[in-house]
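Chains, contacts and geometry: an overview
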Amino acid sequence: MAAAYPELDTFDLPAVEESILARWAADDTFARSLAARADAPPFVFYEGPPTANGKPGIHHVMARTIKDLVCRYKT
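The structure reproduced in this document is the subject of the present report. (Residues numbered from 1 in each chain as written. Predicted model: local features only at pLDDT ≥ 70, side-chain atom pairs only at ≥ 80, totals over all residues. Heavy atoms only, no water.)

What follows is about a nonpolar patch on the surface. Residues Ile58, Val61, Met62 and Ile66 make up a contiguous nonpolar surface patch of about 410 Å² in total accessible area. Checked against the element boundaries, Ile66 lands in helix H3 (residues 58–74). (Patch = residues over 30% accessible without salt bridge, like charges linked within 9 Å, V, L, I, M, F, W, Y side chains within 5 Å. Areas by Shrake-Rupley, 256 points an atom, 1.4 Å probe, with all protein chains shown as cover. Salt bridge = Lys/Arg side-chain N within 4 Å of Asp/Glu carboxyl O. Helix = DSSP H or I, 4+ residues; strand = E, 2+ residues; numbered from the N terminus.)

Further remarks concern the pattern of salt bridges. Per the counting criterion, the structure on display carries one salt bridge. A salt bridge links Arg23 to Asp27; its shortest N-O distance comes to 3.4 Å. Of this pair, Arg23 and Asp27 both sit in helix H1 (residues 13–27), separated by four residues, roughly a single helical turn.

Quick look at unusual backbone geometry now. Non-glycine residue Asp28 carries a positive phi angle of around 55°. With respect to the helices and strands, Asp28 occurs in the loop between H1 and helix H2 (29–36). Using a relative accessible area of 43% as the deciding quantity, one classes Asp28 as partly exposed. (Buried < 20%, exposed > 50% of the residue type's maximum accessible area, 1.4 Å probe, protein only.)

Okay, here's the thing in structure tokens:
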């Protein structure tokens with residue numbers, strides 16, 4: 001039985017990204033994600049500059065990560 005996620009011998013990040021982009025293009029993923037929410041109410045997520053109020057800290061990294069996860073979940 002073939003593994004759903006094959007184990008990689010080496011990790012070539014640009015090659016992985018190119019393969020993902022090729023699959024998204026072949027499956028028309030972006031257009032399908034827009035069509036899936038065509039009649040849904042708008043989802044607005046406000047974000048300000050990460051260092052507007054002082055030096056950058058770990059909480060800025062955490063906030064950006066959460067922002068990315070929430071927006072991906074909503075789509």
